[in-house]
Amino acid sequence: MLETLNDFGRSLGSIWTLLSLLVICAPAAIAVHEFTAYRMNQYSHGGVDYGCKSNMVNFEARSVNANVVTRRCVLLSMGEVSVDRMRELISNKAGSILITIPENSSTLTQDEIDSWNEVEQVLMEEAIDTSVYFTYEKPELLKIYHEVRTGLNNDHAATAAAALGNVFHSNGYQIVTYGSAPAPIKSSLFAIQGKMLIQSRETNPCIGIVAHFDSYGISPHLARSSNSNGSGVAALLEIARLLSKLFNKSGNTPKYDIVFLLSGGGKLNYLASKLWLDKKYSTDAADMLNDVEFVLCLDSIGNEGFNFHVTKTPKQGTAAYKMLRAMEQAANLLYLTSVSMSPLKRLT
């Protein structure tokens, strides 16, 4: 799953992946519609299971506003998803949840993106018995979605006879998945380390530059990484290229040793970086880490402007303060008006 150079020997555990074909059947087999569906992630770490534990889908479709969702497949759009709504559906024993997502993410509003990021983070930290799938919006699927929302709901029928009549006169759909069973994949967290040392002195202050190189999402097949964190990796490599020229320039004596770290587990609270620190991967690295001025973590910097998350406000005259002022000057030259600073909680 991750291409790496150094193995800490600390296993992430098992990751189950499943790509299924979603079959939606209309009443009396009038029509069958097939769509590719992507199952929510399932993984274990430290002997604890997280994510979606079920892959079973063979239920009648219902809208998110249905009176009864127990043993039903709830069909909802990405804009209807929230943490409270997902927990309510899971608590009410929904058989499965199918979420439609736009093929073009640029159509989403910032509020929808923020809401989804919250849902993704919360759900991936829990073990869920309900099967959860995602599929891209297609014209046929959108038609089914609207028919399910606006059609007669058998759950609200006043009598058994009325419910039976609805079966034959309403647009009911049975949602079924078929495909191979999810298979576990063993995976470990890794990091790639590099360093530039000042040869003229034995002990020097150090600056760390870090970025996570993996992309991770609620469904592995849907994860995208151009910004998070292709932008951070590209910036780290370019910084290393430029600094190497300074270090190799004759007569130039840099003030700091530089440690570069590309690590995995970025969406798991930067877990590989924490493991690297815990293990102090090499003696040389351990010596340098005793005199670190600051660490610059490059994550999702492809957005407009820059936002610096700091554990504490840099004091005037420190290396971090000078770097921040230099970044503000560079932003002004590049006409980037958005440069901000906000507090960040320390990793535990």
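As the structure is a computational prediction, the values presented were derived from the model and not from experiment.

Visitor: Report on the overall build of the protein, specifying residues and quantitative values.
Guide: On a plain count of helices and strands, the protein comes out with eight helices and 17 strands. Here the protein holds 348 residues, and the buried ones make up 42% of them. Considering only intrachain contacts with a sequence separation of at least 6, the fraction spanning at least 24 residues in the protein is 75%. Carbon and sulfur atoms make up 53% of the accessible area of the protein, which amounts to about 19400 Å² in all.

Visitor: Would you mind going over the nonpolar core in detail, with residue names and values included?
Guide: If you look at the biggest cluster of nonpolar residues, it comprises 30 residues, and the most contacted ones within it are Met40, Met86, Ile97, Ile99, Trp116 and Phe134. Of all the secondary structure elements, the ones that give two or more residues to this core are strand S7 (72-77), helix H1 (83-91), strand S8 (96-101), helix H2 (110-123) and strand S10 (131-136). Contact partners of Met86, with chain neighbours within four places excluded, come to Val81, Ile97, Ile99, Val119, Leu123 and Val132. Formed by 19 residues, the second largest nonpolar core is a distinct cluster that contains Ile198, Phe247, Leu296 and Ala320.

Visitor: Requested: an account of the packing of aromatic side chains, with residues and values cited.
Guide: Under the definition given, this model contains three aromatic pairs. Ring geometry for Tyr38 and Tyr136: centres 6.1 Å apart, planes at 75°, overall edge-to-face. In this pair, Tyr38 is assigned in strand S3 (residues 32-39) and Tyr136 in strand S10, connecting sequence segments 98 residues apart. Under the relative-accessibility criterion, Tyr38 is labelled buried at 15%. Ring geometry for Tyr43 against Tyr50: centres 5.2 Å apart, planes inclined by 20°, an arrangement best described as stacked. Residue Tyr43 is classed as buried on the basis of its relative accessible area of 6%.

Visitor: Describe helix H8 (residues 319-333), listing the residues and the values that go with them.
Guide: A rise of 1.5 Å per residue sets the reference length of H8, with its 15 residues, at 21 Å; its end C-alpha atoms lie 21 Å apart and thus fit the reference within 8%. For H8, every residue scored as buried is listed here: Ala319, Ala320, Leu324 and Ala331. Looking straight down H8, one finds its buried side chains confined to an arc of 135°; they lie on one side. Opposite the buried face of H8, by more than 90 degrees, sit the exposed residues Lys322, Gln329, Asn332 and Leu333. Turning to H8, the residues buried within the fold contact strand S15 (292-297), strand S16 (306-310) and strand S17 (339-343). Of the residues flanking the end of H8, it is Tyr335, one or two places downstream, whose phi is positive at about 60°.

Visitor: So what's going on with the side chain of Gln42? Which residues, and what values?
Guide: By secondary structure assignment, the location of Gln42 is in strand S4 (residues 42-45). At 2.6 Å, the side chain of Gln42 and the side chain of Arg39 are in polar contact.

Visitor: Explain the environment of Glu140 residue by residue, including any values.
Guide: Following the sequence through the fold, Glu140 ends up in helix H3 (residues 139-150). Judged by its relative accessible area of 45%, Glu140 is partly exposed. For Glu140 and Glu34, which are 106 residues apart along the polypeptide, the C-alpha to C-alpha distance reads 9.6 Å.

Visitor: Tell me about the pairing of strand S11 (residues 174-178), residues and numbers included.
Guide: Judged by which residues are buried, S11 turns out to be one-sided: Ile175 and Thr177 face inward and are buried, whereas Gln174, Val176 and Tyr178, on the alternate face, are not. The pairing of strand S6 (residues 58-63) with S11 spans three bridges and is antiparallel. In the sheet register, Glu60 faces S11, and the bridge partner there is Gln174.

Visitor: Report on the pattern of salt bridges, specifying residues and quantitative values.
Guide: Under the definition given, this model contains eight salt bridges. Here Asp129 makes a salt bridge to Lys53, at a shortest N to O gap of 3.1 Å. Of this pair, Asp129 sits in the loop between strand S9 (127-128) and S10 while Lys53 sits in the loop between strand S5 (48-52) and S6, and the two are 76 residues apart along the sequence. Overall, the relative accessible area of 55% leaves Asp129 in the exposed class. For Lys53, a relative accessible area of 43% translates into the label partly exposed.

Visitor: Now, about unusual backbone geometry: what can you tell me, with residues and values included?
Guide: With an omega dihedral of 10°, the bond running from Ser228 to Asn229 counts as a cis peptide bond. Tracing the backbone through its elements, the reader meets Asn229 in the loop between strand S13 (206-212) and helix H5 (230-248). Unlike most non-glycine residues, Arg71 shows phi in positive territory, near 55°. Position of Arg71 among the secondary structure elements: in the loop between S6 and S7. For Arg71, a relative accessible area of 57% translates into the label exposed.

Visitor: Can you break down the environment of Ala61 residue by residue, with the values?
Guide: You can see Ala61 is positioned in strand S6. Distance from Ala61 to Arg71, taken between C-alpha atoms, is 9.7 Å for residues ten residues apart in sequence. Ignoring sequence-local partners within four residues, the contact set of Ala61 consists of Cys73, Val148, Tyr173 and Ile175.

Visitor: Describe the packing of H1 against H2, naming the residues involved and giving the relevant values.
Guide: Packing of H1 against H2 brings their axes to within 9 Å, and their N-to-C directions diverge by 45°. Put simply, H1 runs oblique to H2. Residues Val83, Met86 and Arg87 of H1 lie in contact with H2, whose contacting residues are Glu118, Val119, Val122 and Leu123. Classifying every residue of the contact of H1 with H2 gives five nonpolar, no polar and two charged.

Thresholds, definitions, all that
Residues numbered from 1 in each chain as written. Predicted model: local features only at pLDDT ≥ 70, side-chain atom pairs only at ≥ 80, totals over all residues. Heavy atoms only, no water. Helix = DSSP H or I, 4+ residues; strand = E, 2+ residues; numbered from the N terminus. Buried < 20%, exposed > 50% of the residue type's maximum accessible area, 1.4 Å probe, protein only. Contact = heavy atoms within 4.5 Å. Areas by Shrake-Rupley, 256 points an atom, 1.4 Å probe, with all protein chains shown as cover. Core = buried A, V, L, I, M, F, W, Y, C linked by side-chain atoms within 4.5 Å. Phe/Tyr/Trp six-rings, centres within 6.5 Å; stacked < 30°, edge-to-face > 60°. Expected span 1.5 Å × (residues − 1). Arc of directions from axis to C-beta. Polar contact = N/O pair within 3.5 Å; in protein donor to acceptor, adjacent residues only side chain to side chain. Pairing = 2+ DSSP bridges. Salt bridge = Lys/Arg side-chain N within 4 Å of Asp/Glu carboxyl O. Axes fitted to C-alpha atoms, helices over the stretch in contact; angles between N-to-C directions. Parallel < 35°, antiparallel > 145°, perpendicular 65-115°, else oblique. Nonpolar A, V, L, I, M, F, W, Y, C, P; charged D, E, K, R; others polar.

Worth remembering: the numbers are spatial, not functional.
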